[in-house]
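Structural features, examined
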Amino acid sequence: MERIKNYGKLLLGVATIGGAILTQSFTEEVKTNKFAGEIYVNGSSSGEYEKLASPSDYDPNNCEQTSQENCAWLRTSTPGTVPESFDATTASSLHAAGLIEPMNNDKGVYIR
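These remarks concern the structure in this document. What you see is a predicted model, and the numbers here were worked out from it, not measured in a lab.

Rules used throughout
- Residues numbered from 1 in each chain as written.
- Predicted model: local features only at pLDDT ≥ 70, side-chain atom pairs only at ≥ 80, totals over all residues.
- Heavy atoms only, no water.
- Disulfide = S-S within 2.5 Å.
- Buried < 20%, exposed > 50% of the residue type's maximum accessible area, 1.4 Å probe, protein only.
- Helix = DSSP H or I, 4+ residues; strand = E, 2+ residues; numbered from the N terminus.
- Arc of directions from axis to C-beta.
- Contact = heavy atoms within 4.5 Å.
- Polar contact = N/O pair within 3.5 Å; in protein donor to acceptor, adjacent residues only side chain to side chain.
- Core = buried A, V, L, I, M, F, W, Y, C linked by side-chain atoms within 4.5 Å.
- Salt bridge = Lys/Arg side-chain N within 4 Å of Asp/Glu carboxyl O.

Quick look at the state of the cysteines
Enumeration according to the criterion identifies 1 disulfide in this entry. The residue that forms a disulfide with Cys63 is Cys71, at a sulfur-sulfur distance of 2.3 Å. On the sign convention where negative is left-handed, the bridge of Cys63 and Cys71, at about 140° about the S-S bond, is right-handed. This pair shows no difference in class: Cys63 is buried, exactly as Cys71 is.

Some words on helix α2 (residues 88-96)
Within the span of α2, buried status applies to Ala88, Ala91 and Leu94. All buried residues of α2 fall inside an arc of 110° around its axis, so they share one side. Of the exposed residues in α2, those oriented more than 90 degrees away from the buried face are Thr89 and Ala96. Buried residues along α2 sit against β2 (48-51), β4 (72-75), β5 (85-87) and β6 (100-102). For α2, the capping residue at the N-terminal end is Asp87, with a side-chain oxygen 3.3 Å from the backbone nitrogen of Thr89. Within two residues after α2, Gly98 carries a phi angle of roughly 80°, on the positive side.

Some points on the nonpolar core
Counting 9 residues, the largest nonpolar core consists of Tyr40, Tyr49, Trp73, Val82, Phe86, Ala91, Leu94, Leu99 and Ile100. For Phe86, the residues in contact, after removing those within four places along its chain, are Tyr40, Gly47, Glu48, Tyr49, Trp73, Ala91, Leu94 and Ile100. Of all hydrophobic cores here, the second largest spans 8 residues; its members include Ile39, Val41, Tyr58 and Ala72.

A look at the pattern of salt bridges
Going through the model one piece at a time under the given rule, you end up with 3 salt bridges. When the shortest N-O distance is used, the salt bridge between Arg112 and Glu50 registers 3.8 Å. Here Glu50 lies in strand β2 and Arg112 lies in the segment after β7 (109-110), a separation of 62 residues in the sequence. The salt bridge partner of Glu84 is Lys51, with a shortest N-O separation of 3.4 Å. Pair noted here: Glu84 is in the loop between β4 and β5 and Lys51 is in strand β2, with a separation of 33 residues, a long-range link. Owing to a relative accessible area of 25%, Lys51 belongs among the partly exposed residues under this scheme. Counted as one network, the salt bridges with shared partners bring together Glu38, Lys51 and Glu84.

Printed below as a string of structure tokens:
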């Protein structure tokens, strides 16, 4: 009888630890994907980017090819911070860190 109690305690401990690990895994997944899909568009010929209010607002036809900068960037699921607005130099750094990627190959200014 004592042996059964000890195994029961051991199994309960293992189940508790396993549940905690699974819960943390789901919590981390939500944190890393919270901002994925945000879109930042170029508002000037010098590459001044601002986040769109909603990704559904993006229209690829609104890109006027009047600049050498990317027309729009897409936020990846890589953990890290992307500011609400940034310039072309910062965009290069964010891209190198894997935080943003070009929406497509369009270069230019996004007209709203």
